[in-house]
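Observations on the model geometry
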Amino acid sequence: MKKQLVTLAVATVAAMPAFAQQQSVEVLHWWTSGGEAAALNVLKGNLEKQGVKWNDMPVAGGGGEAAMTAVRARVTASNPPTAVQMLGFDITDWGKQGAVTDLNALAAREGWDKTVPLALQKFSKYNGKWISAPVNIHSTNWIWANKEVLAKAGVKSEPKNFDEFIAAAEKVQQAGFIAIAHGGQPWQEATVFDSVVLSTGGIEYYKKAFIELDPKALKSETTEKVFHRMGQIRKLVDKDFSGRDWNVASGMVISGKAGFQIMGDWAKGEFVNAKQVPGKDFLCYRFPGTQGTVAFNSDQFVMFKLNDAEKSAAQLKLAAAIMEPGFQSAFNVVKGSAPARTDVSDAAFDDCGKKAIKDVAAANKANTLVGSIAHGHAVPASIKNAFYDVITRHFNGQIDDKKAVAELVAAAKN
Ligand code: BGC
């Protein structure tokens, strides 16, 4: 009797059709703040509707430095995640190693070539083949401000250049508020640096010094001025900034403790998540002196090669879901970014989102859309991380402007 039951059970399992096994994806990402989690839920919900189970693998830390360390460990252990959020040069570096899934057939079928801006494709493709699905276009040269705090401090209009910004921030400080909410983490200092470089030297200097790594441009007085200005910003930050997470800094602007935050437009996700409305509760503007230019970073999803037919099928479902225009709108409305496709309507976006979309399109046309230094779209990770180190030590007063310039020149050789 017992034996019969066992035989029956074995026969039942063997007869189960293969599709009864639920498809799943394990997604490694660094979207751990409230706004980021809300955006991620849009993607998660989309896949779950298609019957694909979502296994979450969060590794906190903007810029993805910690996440990339986790990915390397998983790949070394021959256990890569299904899909990984990645930026810029990290994508093409993995492409070079041949570890990632070729998405070219799907991309060709769905016409990604025609709808994704070339500036993004540069990182989405390796050897001419699609290896990642871009979900958005973020940019770093933004300022987020609390409208009421600015009114109380008598800041009546948008600062148009760096000096006007410092004057406005000083007014906020004199009115008893924290002028600039900042989180003292290397990637956050580097994010501020993106804006200060663009504002101080302009687009040609940015490209020469930080994309082409021209030693003369890097060693110039302009770079010294950039560091001087980073020092000016440092004086307008509160004493408890060390180690603070970026979303906590956003929270200080949202709650009216601080006037400004210099941060990429993922910060808008925090304002939206707190039910704040642009123009009414908060203001968004390009970092003063960078109007007309955009320092971008695009979150993309890379699929690792897996020896499993069901998992590989789920990878393609995830990639297709990411690229779907309706999803790109729904996701980016919440995330704070612009869509990674040029054919998505801006109708559902708020004023800051509409501005982001317009700015990216205009910069793309005018050739003023440049990769973010801080977020892996200007130089590969080894140099980016060496830059982080110099920028942070300078911000913390460990080296002066001149020494920082010299160290930056050396870091570019990494
Ligand atoms: C990513 C954003 C993310 C931010 C903070 C950036 O590197 O591109 O998507 O919201 O880090 O975590």
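All figures in this text were calculated on a predicted structure; none of them were measured in a lab. (Residues numbered from 1 in each chain as written. Predicted model: local features only at pLDDT ≥ 70, side-chain atom pairs only at ≥ 80, totals over all residues.)

Attention now moves to the domain arrangement of the protein. Along its sequence, the protein is carved into domain 1 (2–138 + 297–354) and domain 2 (140–295 + 370–411). With 25 residues of domain 1 at the interface, the matching set in domain 2 holds 26 residues. Only helix H2 (34–49), helix H3 (65–76), helix H4 (88–96), helix H16 (325–335) and helix H17 (351–366) provide two or more residues apiece to the side of domain 1 that touches domain 2. A breakdown of the residues in the side of domain 1 that touches domain 2 according to their chemical character gives 8 nonpolar, 10 polar and 7 charged. (Domains from an automatic or database assignment. Contact = placed C-beta atoms within 7 Å. Helix = DSSP H or I, 4+ residues; strand = E, 2+ residues; numbered from the N terminus. Nonpolar A, V, L, I, M, F, W, Y, C, P; charged D, E, K, R; others polar.)

Here we take up the pairing of strand E1 (residues 24–29). Among the 6 residues in E1, 5 count as buried, and that is most of the element. Bridging between E1 and strand E2 (residues 53–58) involves 6 bridges; their strand directions are parallel. Across the sheet, residue histidine 29 finds its bridge partner in E2, namely proline 58. Read from E1 through H2 to E2, the crossover connection turns out right-handed. The pairing of E1 with strand E3 (residues 83–86) spans 2 bridges and is parallel. Bridging from a neighbouring strand, valine 27 pairs with alanine 83 of E3. (Buried ≥ 20, exposed ≤ 12 C-beta atoms within 10 Å, placed from the backbone. Pairing = 2+ DSSP bridges. Right-handed = clockwise from strand over helix to strand, strands pointing away.)

Attention now moves to the site of the ligand. Close contacts around the ligand come from Trp30, Glu36, Gly62, Gly63, Gly64, Leu87, His138, Trp266, Asn297, Asp299 and His375, and that covers them all. For the shell around the ligand, the residue count by class is 3 nonpolar, 6 polar and 2 charged. (Near = placed C-beta within 6 Å.)

The subject of this paragraph is helix H12 (residues 221–234). Along its 14 residues, H12 runs 20 Å from first to last C-alpha, staying within 8% of the 20 Å computed at 1.5 Å per residue. Those residues of H12 lying buried are Thr223, Val226, Phe227, Arg229, Met230 and Ile233. Looking down the long axis of H12, one finds its buried residues gathered within 160° of arc, a one-sided arrangement. In the core, the buried residues of H12 are packed alongside helix H9 (162–174), strand E9 (178–180), helix H10 (186–210), helix H11 (215–218), helix H18 (381–395) and helix H19 (401–411). (Expected span 1.5 Å × (residues − 1). Arc of directions from axis to C-beta.)

To continue, consider the packing of H2 against H16. In the contact formed by H2 and H16, the axes pass within 7 Å of each other and the chain directions differ by 155°. The angle between H2 and H16 places the two elements in the roughly antiparallel class. On the side of H2, the interface is formed by Ala38, Ala39, Val42, Leu43 and Asn46, while H16 contributes Phe327, Ala330, Phe331, Val334 and Lys335. Residue composition of the contact of H2 with H16, by class: 8 nonpolar, 1 polar and 1 charged. (Axes fitted to C-alpha atoms, helices over the stretch in contact; angles between N-to-C directions. Parallel < 35°, antiparallel > 145°, perpendicular 65-115°, else oblique.)

Attention now moves to the sheet that holds E1. Overall, mixed pairing links the 5 strands, which are arranged E2-E1-E3-E13-E6 in an open sheet. Both outer strands of the open sheet, E2 and strand E6 (132–134), are each paired with one neighbouring strand and no more. Between one strand axis and the next, the sheet turns through 25° on average, direction left out of account. Here helix H15 (residues 309–323) sits on the sheet and contacts E1, E3, E6 and strand E13 (300–303); the angle it forms with E13, its principal contact strand, is near 165°.

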